[in-house]
Amino acid sequence: MASRCKRLFWGVSSLFRQSLQVTSKRGFLLRSGSWAKYLSLGVGASLCAIPVGQRSEPILSNDSLIKRAATLLTDSSSTFLSQTTYALVESLTEYTLAVYTLISLQNKYTSLLDKMNSSEENAIWQVIIGARVKVNQLKEQYLKYESSWQRAVSLSEMAAEAAYQAGADQASVTVRNHIQLAHLQVQEAREQAQKAEVQLTATQAEEIKKTITEDKGNPPSGGSPRNSLSEEEIPEAYLRED
């Protein structure tokens, strides 16, 4: 743009000088170093000041603005859904691993139940109690994330409907596909956690059964936390610890 103005300025100046020469020959007196020079500069500068080829921004209609806003809404809700889905799946996975750790400890305890003295049984039992506490904490954590995830799903569904009503069909389809994928990921993690819980329940039942059998054959000595319970108290106390 600056180069174009420069060329235009020199062209105008040249024409103006030629006009002055012609005028001078016809009898008019001109002073070559005075106002004529400044007049030529003023004309060139004025021409350069005129904007050339500028385009104004197109004015968007209300429908276009609403469609754009609806698309931004689906993007935001999808981000929220992605983050809560990741947090929930990760929390469910940690919970499932903790449940399997507890199952392993209880299986080991049950297999050694008739081979341990009181101090050994107490030591293993303390480890099992710690594993149960961790399982309960992780369950509370994934339930908290599940609540956030459900809100994210609800917001995404509303955003998809709003985008559809605004005419942003592609944005609506995209967020609905995202919702379906999130459901599949969470469902898979839930199924793994449920399998672990079923196995834990079976392990607990087996442990209770074997403990009752051991108590019948061995009168309580008062040293073991298991042997200090009567046959009727064992199931209720066991479930209460979980």
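Values in this document were obtained by computation on a predicted structure and should not be read as measured data.

### Section: the nonpolar core
Thought 1: Core analysis: the biggest nonpolar cluster contains 27 residues, and L81, Y95, V99 and W149 have the highest contact counts within it.
Thought 2: For this core, the secondary-structure elements that each account for two or more residues are α3 (62-111), α4 (118-166) and α5 (169-217).
Thought 3: Residue contacts for Y95: discarding those within four places in its chain leaves V135, L138, K139, Y142, A193 and E197.

### Observations regarding the packing of aromatic side chains
Thought 1: Under the definition given, this model contains two aromatic pairs.
Thought 2: Centroid distance Y95 to Y142: 5.1 Å. Interplanar angle 55°. Geometry classified as tilted. In this pair, Y95 sits in helix α3 while Y142 sits in helix α4, placing the two residues 47 residues apart along the sequence.
Thought 3: Assessed through its relative accessible area of 4%, Y95 is described here as buried.
Thought 4: Judged by relative accessible area, Y142 falls into the buried class, the value being 11%.
Thought 5: For the ring pair Y109 and W125, a centre distance of 5.5 Å and an interplane angle of 45° mean the geometry is tilted. A residue pair is termed long-range when its members are at least 10 positions apart, and Y109 in helix α3 and W125 in helix α4 qualify at 16 residues. Each of the two residues, Y109 as well as W125, counts as buried.

### Some details on α4
Thought 1: For α4, spanning 49 residues, the distance from its first C-alpha to its last is 72 Å, which sits close to the expected 72 Å at 1.5 Å a residue.
Thought 2: Two residues or fewer past α4, G167 is found with a positive phi of approximately 95°.

### With respect to the packing of α3 against α4
Thought 1: Two elements in contact, α3 and α4, have axes whose closest approach is 7 Å; the angle formed by their N-to-C orientations is 160°. Judged by the angle between their axes, α3 and α4 are roughly antiparallel. Once α3 is placed against α4, the crossing between them reads as left-handed.

### Re the confidence of the model for the protein chain
Thought 1: Looking at the protein chain, the pLDDT average stands at 76 and 64% of residues meet or exceed 70.
Thought 2: Below a pLDDT of 50 lies the segment residues 22-50, which in the model reaches 19 contacts outside its immediate sequence neighbourhood of four places, other chains included.
Thought 3: Segment residues 221-242: pLDDT under 50, and 41 contacts once partners within four positions in sequence are set aside and those in other chains are kept.

Definitions and cut-offs
- Residues numbered from 1 in each chain as written.
- Predicted model: local features only at pLDDT ≥ 70, side-chain atom pairs only at ≥ 80, totals over all residues.
- Heavy atoms only, no water.
- Core = buried A, V, L, I, M, F, W, Y, C linked by side-chain atoms within 4.5 Å.
- Buried < 20%, exposed > 50% of the residue type's maximum accessible area, 1.4 Å probe, protein only.
- Helix = DSSP H or I, 4+ residues; strand = E, 2+ residues; numbered from the N terminus.
- Contact = heavy atoms within 4.5 Å.
- Phe/Tyr/Trp six-rings, centres within 6.5 Å; stacked < 30°, edge-to-face > 60°.
- Expected span 1.5 Å × (residues − 1).
- Axes fitted to C-alpha atoms, helices over the stretch in contact; angles between N-to-C directions.
- Parallel < 35°, antiparallel > 145°, perpendicular 65-115°, else oblique.
- Left-handed = near helix turned anticlockwise from the far one by under 90°.
- pLDDT = per-residue confidence, 0-100.

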